[in-house]
Amino acid sequence: MADEKAGAILAALGGAGNVVEVEGCITRLRTEVRDPALVDEAALKRSSHGVLMAGTVVQVVVGPEADMIADDIADLL
Amino acid sequence: MTVQVAAPLAGRAVPLADVPDAVFAEQMLGSGVAIEPAAGSVTAVAPVAGNLAKVHPHAYVVIEPSGAGVLVHLGIDTVGLGDAAFTVHVSEGDDVAAGAPVVTMDVDAVRARGLSAICPVVLMESGPDGTRDHASGDVRPGDPLFSWEA
């Protein structure tokens, strides 16, 4: 299940080419993207509890499975 | 059945809306109450009996017998501090009694870095305003903090 979610989140972040860094903490994924315009915020919101965007830093609120999803996304990069 | 969550640490109970992080203030992960600790250091305990599904230096989740998870988050943006501010007393996967010590936080070390030491306590997946009987003002560990209908 986390695999599927990781794929959906990565696609909404603009794909592997747009992601500079992904870090999981207990509540959220903290990601840095190259081009924020490529981020599909509506799609991210469908895969999460919420999204916070500030410049190139995108936080995706996924809850305690954040670590697992971050690892899965790292595998896809 | 009403499930009671106890305060995991001493401090001043305040609404989640006062937490300087939108994830908690807007109840994206769920409803609950935050506790602002006094100066010095503070030991955070299990707010309910259950299994420690997640243990990080700066946060932990206890799954209580009904299957609900209670998240205790120690300070805001503290994920990078690790050993500099936190001492973990348990292991992920442990079963704990309510009141069992989990993590000690050096409150002064957190604040010295310009970070907030406020500790949101959240019932995961409860939705906005999904908990009730919210405490306010000074609380001691074990005092009632909030409850919900399981």
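Being a predicted model, the structure only gives us computed values, none of them experimental.

### Remarks on the interface of chain B and chain A
Move 1: Residue-level contacts link 15 residues of chain B with 10 residues of chain A.
Move 2: Elements with a contribution of two residues or more to the side of chain B that touches chain A: α1 (22–25), β5 (50–56), β6 (59–63) and β7 (69–73) of chain B.
Move 3: Split into classes, the residues belonging to the side of chain B that touches chain A amount to 10 nonpolar, three polar and two charged.

### Structural notes on helix α3 (residues 66–76) of chain A
Move 1: Of the residues making up α3 of chain A, those classed as buried are Ala 66, Ile 69, Ala 70, Asp 72 and Ile 73 of chain A. For α3 of chain A, the angular spread of the buried residues around the axis is 165°, confining them to a single face.

### Points about the UniProt feature "domain: PTS EIIB type-1" (unreviewed entry) in chain A
Move 1: On the UniProt side, "domain: PTS EIIB type-1" (unreviewed entry) is annotated at positions that read residues 3–77 of chain A here.
Move 2: For residues 3–77 of chain A, helix accounts for 36% and strand for 29%, while the C-alpha atoms at its two ends are 13 Å apart.

### Comments concerning the sheet that holds strand β2 (residues 28–33) of chain A
All names here are of chain A.
Move 1: Taking strand neighbours across the sheet as the criterion, the four strands line up as β1-β2-β4-β3 in an open arrangement whose pairing is antiparallel. Because the sheet does not close on itself, it has two edges, and the strands there are β1 (19–24) and β3 (50–54). The sheet shows a mean angle of 15° between the axes of neighbouring strands, direction not considered.
Move 2: Inspection of the sheet shows β2 paired to strand β4 (residues 57–61) by five bridges, in the antiparallel sense.

About the cut-offs
Residues numbered from 1 in each chain as written. Chains lettered and ligands numbered in written order. Predicted model: local features only at pLDDT ≥ 70, side-chain atom pairs only at ≥ 80, totals over all residues. Contact = placed C-beta atoms within 7 Å. Helix = DSSP H or I, 4+ residues; strand = E, 2+ residues; numbered from the N terminus. Nonpolar A, V, L, I, M, F, W, Y, C, P; charged D, E, K, R; others polar. Buried ≥ 20, exposed ≤ 12 C-beta atoms within 10 Å, placed from the backbone. Arc of directions from axis to C-beta. UniProt positions renumbered as here; feature names shortened; annotations may be inferred. Pairing = 2+ DSSP bridges. Axes fitted to C-alpha atoms, helices over the stretch in contact; angles between N-to-C directions.

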